[in-house]
Amino acid sequence: MSKLPPSLMRLYALPIARSPAASLRPGGGNSVTATQPVYYFARMPKRVKPIADGEEPKKPTLLQRGTKFASKTWTDWGQAEGGWKLKVHNWGEQIYERIEFEELALKSIDPSLGPKLKRDPDSSHAVSAEVKKAVESGQHVTVPLYHPPSALGDPLSHLKNMLRERTPNHRKWMTIWIAISPLTAPFAILPIIPNIPFFFCVWRAWNHWRAYRGAKFLTELVEHNTLIPTPHPALDEFYRSVEASQSSKSPAASLPPDSKSPGDVVVSPAASKSIPPEPLLLSRPLIPRLLEAIQQEPTLPASPAAIAAEAEVEMKKLTALGPELARAVDQVTVRLGESTKTT
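Rules used in this analysis
Residues numbered from 1 in each chain as written. Predicted model: local features only at pLDDT ≥ 70, side-chain atom pairs only at ≥ 80, totals over all residues. Heavy atoms only, no water. Helix = DSSP H or I, 4+ residues; strand = E, 2+ residues; numbered from the N terminus. Buried < 20%, exposed > 50% of the residue type's maximum accessible area, 1.4 Å probe, protein only. Contact = heavy atoms within 4.5 Å. Areas by Shrake-Rupley, 256 points an atom, 1.4 Å probe, with all protein chains shown as cover. Pairing = 2+ DSSP bridges. Axes fitted to C-alpha atoms, helices over the stretch in contact; angles between N-to-C directions. Salt bridge = Lys/Arg side-chain N within 4 Å of Asp/Glu carboxyl O. Phe/Tyr/Trp six-rings, centres within 6.5 Å; stacked < 30°, edge-to-face > 60°. Lys NZ or Arg CZ within 6 Å of the ring centre and 35° of its normal. Core = buried A, V, L, I, M, F, W, Y, C linked by side-chain atoms within 4.5 Å.

Undergrad: Would you mind going over the overall build of the chain in detail, with residue names and values included?
TA: Within the chain, the regular secondary structure consists of 11 helices and 6 strands. The buried share among the 343 residues of the chain stands at 39%. Restricting to contacts in the chain with at least 6 residues of sequence separation, those with at least 24 account for 82%. As presented, the chain carries roughly 19,600 Å² of accessible surface, and 61% of it is formed by carbon and sulfur atoms.

Undergrad: Mind laying out the sheet that holds strand β1 (residues 10–15), listing which residues take part and the relevant values?
TA: Strands pair in a sheet through their backbones, by hydrogen bonds, and they do so in one of two ways: parallel or antiparallel. Taken together, 4 strands build an open sheet; the order of strands is β2-β1-β3-β4 and the sheet is mixed. Of all strands in the sheet, those bounded by a partner on one side alone are β2 (38–43) and β4 (227–231). When strand polarity is set aside, the average angle formed by the axes of neighbouring strands in this sheet is 25°. Pairing of strand β3 (residues 143–147) with β4 involves 5 bridges; the strand directions are parallel.

Undergrad: Please provide a residue-by-residue account of the pattern of salt bridges, values included.
TA: A complete count under the given rule lists 10 salt bridges for this structure. For R204, the salt bridge identified is with E103, shortest N-O distance 3.0 Å. Residue R204 is located in helix α7 (residues 196–223), and its partner E103 is located in helix α4 (residues 101–107); the two are separated by 101 residues in the primary sequence. You'll find R204 and E103 in the same group, each marked buried. Here E324 makes a salt bridge to R327, at a shortest N to O gap of 2.9 Å.

Undergrad: If you had to explain the packing of aromatic side chains to someone new, which residues and values would you point to?
TA: One pass over the full model with this rule turns up 9 aromatic pairs. For the ring pair W177 and F200, a centre distance of 5.4 Å and an interplane angle of 85° mean the geometry is edge-to-face. With W177 in helix α6 (residues 155–180) and F200 in helix α7, this pair connects stretches of sequence that are 23 residues apart. With respect to class, W177 is no different from F200; both count as buried. Judged by centre distance (5.6 Å) and plane angle (70°), the ring pair of F198 and F199 falls under edge-to-face. Grouping aromatic residues by their ring pairs yields a cluster made of W91, W177, F200 and W203. The lysine or arginine in question, R204, covers the ring of W203, its NZ or CZ lying 5.6 Å from the ring centre.

Undergrad: Can you explain the environment of V332? Please cite residues and give values.
TA: On the secondary structure map, V332 appears in helix α11 (residues 304–342). Put simply, V332 and E100 are 232 residues apart on the chain and 9.6 Å apart in space, counted from C-alpha to C-alpha.

Undergrad: Go over the nonpolar core, please, and point to the residues and values.
TA: Formed by 31 residues in total, the largest nonpolar core has its most connected members in L14, I16, Y39, L290, I294, L321 and L325. Contributions of two or more residues to this core are made by β1, β2, α4, α8 (233–249), α10 (287–295) and α11. The element contributing the most residues to this core is α11, with 7 residues. Sequence-distant contacts of L290, defined by excluding residues within four places in its chain, comprise L14, L235, F238, Y239, L282 and L325. Of all hydrophobic cores here, the second largest spans 24 residues; its members include Y40, A42, F217 and L221.

As structure tokens, then:
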């Protein structure tokens, strides 16, 4: 099957740390396991729906209006000057910080903006002219899975393992939170404040449903051979520079082969190779450099009009990626610390 122009959707595999097994092996390694922390970032195209002359823009759906209202209400609570609204907002932000970054990454994927795996003339997916023609003729459309080969050699295998673990997990917790929500009905009799426990249960069920939907969509892309692992030169250069910097700062690298460490123990080249590398590949100060590397993506065949239509949304999503990566780095740091204590 010949390769066709890719969809405007792009998926990035961003390793945050080495896999635990690789960090304990001499010289590190390039092992691919489901336990290796990798942030999967999806750059989705802007929703495009042609509007005929004289036709009024489509009104937002009830779900879209409800989501916008809830977001505005939550923001207003965070700007309150004291009181229970500000306390609830601060408590909710603390809960949000503890949500696993894998869940947040999956729930950010909107299948309605992704490539259609079947012919759909009413699709609002923003595609290039070449891709649109391919979809209408029933041909295969691809989505690049960008990755740094030096830090993650087989992203497709890692993604499959992650989806195999996360999909049933989100389905289970979605069901649990839905089942718990009716039990919060007695709190509705409290005056003045709304039924916070009920809305919390609905919010968690909603998040798990979105993550489950995103995981199912990625699984479908994998099963249809739509995701194509594609090396990203700028990303690979970034991760190589990080590894080189860590190697130059390691204790073994600062000692010559014939030098002696405290206690007159000779540090040989063979012994220095047995020292495990730094597990973290990404830290907060390195995030701006990583975002710059993502922007230098390989050129993809797509119509200039389609790219221009999505440029503004792309920049906004890339800007929002920074705080999400920072949260992921913090969570992985805690996980590595806990795993060290248990071993």
